[in-house]
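Report on the structure
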Protein chains: 2
Amino acid sequence: MSGRVLKRLVVGRAMRSDKLEQTLLPKRVALPVFASDALSSVAYAPDEIFITLSVAGLSAYAFSWKVALAVAVVMLTVVASYRQNVHAYPSGGGDYEVATTNIGSPAGLTVASALMVDYVLTVAVSISSGVQNAASAIDFINGKEVEVAVVLVILLAAMNLRGVRESGTAFAIPTYCFMASIIGMTVWGLTRWGFGDLPQVASAKFDVPSNPGFSHGLATAAGAFLILRTFSSGCAALTGVEAISNGVPAFRKPKSRNAATTLLMMGTIAVTMLIGIIVLANKTGLRYVDPDSDMSRLVLNGVHGHQTAPGVAMFGGFEYDQETVVGQLSHAVFSNFPPAFYFTIAATGVILVLAANTAFNGFPVLASILARDGFLPRQLRTRGDRLAYSNGIMILAAGAIVLIVAFDAQVTRLIQLYIVGVFVSFTTSQIGMILHWNRHLRREEDRRVRGRMMRSRAINGLGAAMSGTVLIVVLVTKFTKGAWIAIAAMAVLFILMRAIKKHYELVREELAVHEGDSDVATLPSRVHALVLVSRIHKPVLRALAYARATRPSILEAITVDVEPEETRALQQEWDAKDIPVPLKALDSPYREITRPVIDYVKSIRRDSPREVVVVYIPEYVVGHWYEQILHNQSALRLKARLLFTPGVMVASVPWQLQSSVGAENRYDGPRAGSVRRGIRRS
Amino acid sequence: MSGRVLKRLVVGRAMRSDKLEQTLLPKRVALPVFASDALSSVAYAPDEIFITLSVAGLSAYAFSWKVALAVAVVMLTVVASYRQNVHAYPSGGGDYEVATTNIGSPAGLTVASALMVDYVLTVAVSISSGVQNAASAIDFINGKEVEVAVVLVILLAAMNLRGVRESGTAFAIPTYCFMASIIGMTVWGLTRWGFGDLPQVASAKFDVPSNPGFSHGLATAAGAFLILRTFSSGCAALTGVEAISNGVPAFRKPKSRNAATTLLMMGTIAVTMLIGIIVLANKTGLRYVDPDSDMSRLVLNGVHGHQTAPGVAMFGGFEYDQETVVGQLSHAVFSNFPPAFYFTIAATGVILVLAANTAFNGFPVLASILARDGFLPRQLRTRGDRLAYSNGIMILAAGAIVLIVAFDAQVTRLIQLYIVGVFVSFTTSQIGMILHWNRHLRREEDRRVRGRMMRSRAINGLGAAMSGTVLIVVLVTKFTKGAWIAIAAMAVLFILMRAIKKHYELVREELAVHEGDSDVATLPSRVHALVLVSRIHKPVLRALAYARATRPSILEAITVDVEPEETRALQQEWDAKDIPVPLKALDSPYREITRPVIDYVKSIRRDSPREVVVVYIPEYVVGHWYEQILHNQSALRLKARLLFTPGVMVASVPWQLQSSVGAENRYDGPRAGSVRRGIRRS
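Residues numbered from 1 in each chain as written. Chains lettered and ligands numbered in written order. Predicted model: local features only at pLDDT ≥ 70, side-chain atom pairs only at ≥ 80, totals over all residues. Heavy atoms only, no water.

1. Some points on helix H7 (residues 145–161) of chain A
Residue and element names in this part refer to chain A. Over its 17 residues, H7 runs 24 Å from end to end, which matches the ideal 24 Å to within 8%, given 1.5 Å per residue. The complete set of buried residues in H7 reads Glu145, Val146, Ala149, Val150, Val153, Leu156, Ala157, Asn160 and Leu161. An end-on view of H7 places all buried positions within 145° of arc, on one side of the element. (Helix = DSSP H or I, 4+ residues; strand = E, 2+ residues; numbered from the N terminus. Expected span 1.5 Å × (residues − 1). Buried < 20%, exposed > 50% of the residue type's maximum accessible area, 1.4 Å probe, protein only. Arc of directions from axis to C-beta.)

Structure representation (structure tokens):
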């Protein structure tokens, strides 16, 4: 199967620019596409809340619903703020655009760096958590978490290379299934509780003693710090809010209103699910510790467990395999209806993997905007096949794979790096919005409009204060636990993007045509053509013919004298064939090809600086990369080197070998030939 | 530090072709350079003999000196045979040349495949054994054997990239030290034994019970097979004999006589050392089992050891760390003079690492000869810097590293793959020599000369019979133990080299100029020049000027209309600047650059097939690879694709950005500029 056909199969057929409009999303599809990240975090945010509280012992679990409530308040505040953004900036630059326009380029770049890091983390965390969930159901995955996670990332990337439209349809069903199952579980569980029929979860029989530092409860500085850290982890539920504001252009018209409505729906649903799970956990006596390192903190009848694998502990002869919070709850709630348990677990596993898709939607768009502004290489700007931003998708996948491998696909370790970026972005963006309203208020006269603006400014001000506070909390409580890695990555990205921008600007300045630059366009006085000859064969004869056709002022054939005998033989054949171009042999005491040619070219330029030298290089064109290894190596090296010599043009004269026929598609750009040839055009 | 300076430091300064003569070696340097492989094998061949015999229990050790004697007989026969080769073929094609000339190309290719595989194994086995020896002296290496071995291979490769001359000097001293220490140890040990003063080695206190299958001694089929397998492993001492015959051209004149003398010296010394070690081992009560898997076969006071690490076993509270055979012997022999023990161990460790150097001398020469004959890519033919064959050296190092990593640097596992290749080569070569003498005898009249020839033929016949027998023994006894891997590798190499040769022949045929091929040299009727424009800057203006200077029949500037707005702006600026070349915009409904250009070029060719199309591509030249990522990506893709289109030339018009100044040396071929600029030329 040729590479082209393979690509068509994976990526689907190419789309014309004028089909761009058709990939716009209705609300019912946009919600699952852009909100699956925020919604899915209820599958791991409660776990992290209980893991963190476990350090202070079981009594600390009483704080879990207070923490959840705090997270819900932050969530709703941020959602309200972003509804203002969406209305003010319908073009979808999102936080980056808001920060750049209102505060300035460094602020915008800070936001961009933060968001890019967090997109990568979203993929890594969601996929790792999905695999962790799946591992409790599918034995085969145990011990192969990293490999499975990497394969999933690759599959997701492939799906996204096919384009956002199919993603929408493919992701809608599982997202709705997940919402239905979590909310259904909450309703069913609370109903059973109301009838006094709700069973305890499997972990209810364990005790979790407090660490020595917390023997006096949480009413200490350490206790307060722990609760703040719990709150930080719970704030993972807020990632993804910005995805909608970045993605406004993908909505159907009226874009802003549809996006704002979707945002509110998302916020409400996420908060409902989070609080539902926390309440259920309290009612069913759930205990949850870090499966990767803390299993021995569980105590059964006064005996500490002995951790034997991630999530597994032995208590004498009894083995306990800790399921995720959602797993334990649905086990208990649906104890009288097992199919619903399996449905919930399956939906959770799938939604987590699909949540990563939010990042696959957001990251390439952001990268493309940054590339447009010159902060990233130009290749990222180009829309690839299927109207998706292929390069960005591949970079995102690569980054996530690196994180998954580096952190062994362990959710609790990855989550320490998470959220910093989102809250940097939230805070900067909300400050930008305040400046935005200030500016507009200076010009606006209409009282009613001014009133609306001031209300919006107040909401954004509250959002800025709230998210700024959360950012400080997150930084303080998580810095040494891993957040410093995320911050370092942001700093590197920031510096890198500044450098790229500066490079492009310098080059643009260097290349700009100014008034006095008439010499650039001056015609060279004469053309001195050189044809490179190794032996006499068809490619050389063609190169000679083409070179002669351009009628240069001077035309010479040159050969490099590496093996004197071969050179003599060549000269004799040249004379015998009566070729009407003089053949010149260049000395090469060091058996090189490149340097003698360069030196000769330089000497020509030295003697007549106003001449242009054209070096004709006969090249074989072969059909396969492995044939390429067998040919043209000296030619390639020479070409690379000649480009550094001023006043020289390098003309490749290709000779297509039979094996090259039909092989050109392998070298095609992002769009292969089949559509043009009408094979698949409908 | 620039790449060029770094290269000079590692590789030393370049040499002119006419200095080739000066790198020829006197016998006293050639012996250590070419014979270190064969000599060093006495550091592991006895170990393998005892390891293999251990299976049949301690009583089987009585066969060790008989096996050693058999190996010595084979060694001397093969040396005698190769003295005939060296005289008959002083040009140094070695076994490959002998087989090709006298039997035919497939036989030569078989020999070449076999030798190449064995060169790689020589490096892997010698380095692994050297590291194993060093590990018993230097604690740090324990557990890091693979890493240390890989680093050593890389260092050796770097040394060889500096050229054979320095190698000779650098390798002579340790080789002579090794010879002195082993022979000195033998003499000193036998003297002490004569005075009844020779102590037992540390391992003498152990018993080694026989495996169940050998409870009736070695007088069974299994016993005979075991002895043959022991003999096979002992024949590792013979690798490297062919190195001298391949390397005849590196000897001082009279080349053949010097090489033959060196061969005899080498054979005598190797045999002496091998037998000396076996005798000493018997006198000192040595026991030796496979350190990687068999430590538990040792029995102390009726108790089996418990293997805890490679070479380490516990006997209750007592830990036994097994040293190599040479280590144990020199410990015992020099018990009254410890400095000599350390000297011997150091010399052994160093010689083993340096033995790999034999392969680094032989492999690139062979690869270069094969490349000359078209069996390997042409790049391998080129002498790189310092008159060494850089490409071959790097391939050899890469192959050895793969083996070391794959086999965990375990000598006993690697040795199972070894020797097959050498004996394939020995046997084929000796058969070739018989045919050689037959041919010469048909033409030779002089009785005295005929007598000499018949004597040589008899020696080669004996050599062929002997090495053929050994080859069968090796194949039978080692096939399933790992020799099949070596044979499979040889087969793959054989097929690959045949395919490469065939490819080159097909291409040569396809490109050959025959009588009727006048159309190749026909001048195109007209030149149609296209200049690719993205926006108006200096590189584009220069490309336009150069294109105009060649005075084409038709000259057009073309741009691809990806973003209609940008295209309109470009067109306006074009008109405003009054550029005297028409600008044409090509439609691109799929936002591509490449295809619209290709289609346009094809349409020109379709309308007037006798025109040649020249596409001028303005390119930025930058100084660093990371800048390259930021530029020219579309241009590179377009160039690659245009080469597949018949009747097209691609002319790169470079614009050197400031960052490119001075960077051209990074793109240089194997010889950088400093020598030419007189910095280091003396």
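The structure having been displayed, the exposition proceeds.
2. Some words on the confidence of the model for chain A
Residues and elements named next belong to chain A. Averaged over every residue, the pLDDT of chain A is 84; the share at 70 or more is 90%. Across chain A, element-level confidence peaks in strand E6 (residues 527–532) with a mean pLDDT of 93 and bottoms out in helix H1 (residues 3–11) with 46. Segment residues 384–388: pLDDT under 50, and 32 contacts once partners within four positions in sequence are set aside and those in other chains are kept. Ignoring residues within four places in sequence, the model shows residues 667–682, a span with pLDDT below 50, making 44 contacts including any to other chains. Interface predicted TM-score (ipTM) for the complex: 0.72; the corresponding pTM is 0.71. (pLDDT = per-residue confidence, 0-100. Contact = heavy atoms within 4.5 Å.)

3. So, the sheet that holds E6 of chain A
Strand order in the open sheet formed by 10 strands is E8(A)-E7(A)-E6(A)-E9(A)-E10(A)-E10(B)-E9(B)-E6(B)-E7(B)-E8(B), and the pairing between neighbours is mixed. The sheet terminates laterally at strand E8 (583–587) of chain A together with strand E8 (583–587) of chain B, the two strands that pair on one side only. Each neighbouring strand pair of the sheet contributes to a mean axis angle of 30°, computed without reference to strand direction. Where strand E10 (residues 648–656) of chain A and strand E10 (residues 648–656) of chain B come together, three bridges link them in antiparallel fashion. Note on E10 of chain B: the bridge partner recorded for valine 650 of chain A is serine 652 of chain B. Against the sheet, helix H22 (residues 633–642) of chain B touches strand E6 (527–532), strand E9 (612–621) and E10 of chain B, its axis set at about 155° to E9 of chain B. (Pairing = 2+ DSSP bridges. Axes fitted to C-alpha atoms, helices over the stretch in contact; angles between N-to-C directions.)

4. A short note on the packing of helix H12 (residues 325–333) of chain A against helix H13 (residues 338–372) of chain A
Residues and elements named next belong to chain A. In the contact formed by H12 and H13, the axes pass within 9 Å of each other and the chain directions differ by 165°. Classed by the angle they form, the pair H12 and H13 counts as roughly antiparallel. Like other packed secondary-structure pairs, H12 and H13 cross with a definite hand, here right-handed. Counted together, Val326, Gly327, Ser330 and His331 of H12 and Phe341, Thr344, Ile345 and Thr348 of H13 form the full contact between these two elements. Here the residues of the contact of H12 with H13 are counted per class, giving three nonpolar, five polar and no charged. (Parallel < 35°, antiparallel > 145°, perpendicular 65-115°, else oblique. Left-handed = near helix turned anticlockwise from the far one by under 90°. Nonpolar A, V, L, I, M, F, W, Y, C, P; charged D, E, K, R; others polar.)

5. What about the sheet that holds strand E4 (residues 312–315) of chain B?
Residues and elements named next belong to chain B. Taken together, three strands build an open sheet; the order of strands is E3-E4-E5 and the sheet is antiparallel. Bordering the open sheet on either side are strand E3 (306–309) and strand E5 (318–321), each of which pairs with just one other strand. Taking each pair of neighbouring strands and ignoring which way they run, the sheet shows an average axis angle of 35°. Relative to E4, E3 runs antiparallel, the two sharing three bridges. Looking across to E4, one finds that histidine 306 is bridged to methionine 314.

6. A few points about unusual backbone geometry
With omega at -5°, the peptide bond leading from lysine 253 of chain A into proline 254 of chain A counts as cis. In this structure, proline 254 of chain A sits in the loop between helix H10 (241–246) and helix H11 (255–283). Even without a glycine there, the phi angle at arginine 551 of chain B is positive, about 40°. Along the chain, arginine 551 of chain B falls in the loop between helix H18 (538–549) and strand E7 (554–561).

7. Comments concerning the side chain of asparagine 102 of chain B
Residues and elements named next belong to chain B. With respect to the element layout, asparagine 102 can be found in helix H5 (residues 94–102). Assessed through its relative accessible area of 11%, asparagine 102 is described here as buried. A polar atom in the side chain of asparagine 102 sits 2.9 Å from the backbone oxygen of valine 98. There is a polar contact of 2.7 Å between the side chain of asparagine 102 and the side chain of arginine 439. Not counting chain neighbours up to four residues away, the residues in contact with asparagine 102 comprise Tyr89, Gly432, Leu435, His436 and Arg439. (Polar contact = N/O pair within 3.5 Å; in protein donor to acceptor, adjacent residues only side chain to side chain.)

8. What about the packing of aromatic side chains?
Residue and element names in this part refer to chain A. Under the definition given, this model contains 16 aromatic pairs over all chains. The interplanar angle of 75° and the centroid separation of 5.1 Å between the aromatic rings of phenylalanine 423 and phenylalanine 426 together place this pair among those described as edge-to-face. In this pair, phenylalanine 423 and phenylalanine 426 both sit in helix H16 (residues 420–443), three residues apart, roughly one turn of the helix. Both residues of the pair, phenylalanine 423 and phenylalanine 426, belong to the buried class. Three or more aromatic residues link up through ring pairs in this structure, and these residues are Phe206, Phe315, Phe318 and Tyr320. Here lysine 501 stacks its cationic end above the ring of phenylalanine 375, 4.8 Å away from the centre of that ring. (Phe/Tyr/Trp six-rings, centres within 6.5 Å; stacked < 30°, edge-to-face > 60°. Lys NZ or Arg CZ within 6 Å of the ring centre and 35° of its normal.)

9. Here we look at the pattern of salt bridges
Residues and elements named next belong to chain B. Using the criterion set out here, one finds 11 salt bridges over all chains in the structure. The residue arginine 192 makes a salt bridge to aspartate 197 at a minimum N-O spacing of 3.2 Å. Relative accessible area serves as the criterion here: at 40%, aspartate 197 is assigned to the partly exposed category. Between aspartate 373 and arginine 372 there is a salt bridge whose closest N-O contact spans 3.0 Å. (Salt bridge = Lys/Arg side-chain N within 4 Å of Asp/Glu carboxyl O.)

10. Observations concerning the side chain of aspartate 290 of chain B
Residues and elements named next belong to chain B. Checked against the element boundaries, aspartate 290 lands in the loop between helix H11 (255–283) and strand E1 (299–300). Although aspartate 290 is buried, it forms no salt bridge, and the closest oppositely charged side chain is arginine 413 at an N-O distance of 8.1 Å. A distance of 2.9 Å separates a polar side-chain atom of aspartate 290 from the backbone nitrogen of aspartate 292. Of note is the side chain of aspartate 290, whose polar atom sits 3.3 Å from the side chain of serine 293. If near-sequence neighbours (up to four positions away) are discounted, aspartate 290 is found in contact with Ile51, Met295 and Thr412. (Lys, Arg positive; Asp, Glu negative; His and termini not counted.)

11. Focus on the environment of glutamine 322 of chain A
Residues and elements named next belong to chain A. In this structure, glutamine 322 sits in the loop between strand E5 (318–321) and H12. By relative accessible area, which is 6% here, glutamine 322 ends up buried. Each C-alpha atom of the pair glutamine 322 and leucine 298 lies 10 Å from the other, and the pair is 24 residues apart in sequence. Sequence-distant contacts of glutamine 322, defined by excluding residues within four places in its chain, comprise Arg287, Tyr288, Val289, Pro291, Met295, Leu298, Gly311 and Gln328. A polar atom in the side chain of glutamine 322 sits 2.8 Å from the backbone oxygen of valine 289.

12. A closer look at a nonpolar patch on the surface
Residue and element names in this part refer to chain A. Taken together, the side chains of Ile103, Ile431 and Leu435 present a nonpolar region at the surface, about 220 Å² in accessible area. Summarising the element assignment, leucine 435 is placed in helix H16. Leucine 435 gets classed as partly exposed once you look at its relative accessible area, which sits at 34%. (Patch = residues over 30% accessible without salt bridge, like charges linked within 9 Å, V, L, I, M, F, W, Y side chains within 5 Å. Areas by Shrake-Rupley, 256 points an atom, 1.4 Å probe, with all protein chains shown as cover.)

13. So, the packing of helix H2 (residues 27–40) of chain A against H11 of chain A
Residue and element names in this part refer to chain A. Two elements in contact, H2 and H11, have axes whose closest approach is 10 Å; the angle formed by their N-to-C orientations is 45°. Between H2 and H11, the crossing angle belongs to the class labelled oblique. Between H2 and H11 lies a crossing whose hand is right-handed. Residues Lys27, Ala30, Leu31, Ala35, Ala38 and Leu39 of H2 touch H11, and the partners they reach there are Asn258, Thr261, Thr262, Met265, Met266, Ile269, Ala270 and Met273. Looking at the contact of H2 with H11 residue by residue, the classes come out as 10 nonpolar, three polar and one charged.

14. Here's the deal with the environment of alanine 529 of chain A
Residue and element names in this part refer to chain A. Note on placement: alanine 529 falls in strand E6. Of the residues examined, alanine 529 reaches a relative accessible area of 0% and is grouped as buried. In this view, alanine 529 contacts Pro552, Ile554, Leu555, Glu556, Val614 and Tyr616; residues no more than four positions away in its chain are not counted.

15. A word on the pairing of E5 of chain A
Residues and elements named next belong to chain A. Pairing between strand E4 (residues 312–315) and E5: four bridges, direction antiparallel. Each residue of the ladder has a partner; that of alanine 313, found in E5, is tyrosine 320. Between E4 and E5, which pair antiparallel in sequence order, lie two residues; one of them, glycine 316, sits at a positive phi of approximately 65°.

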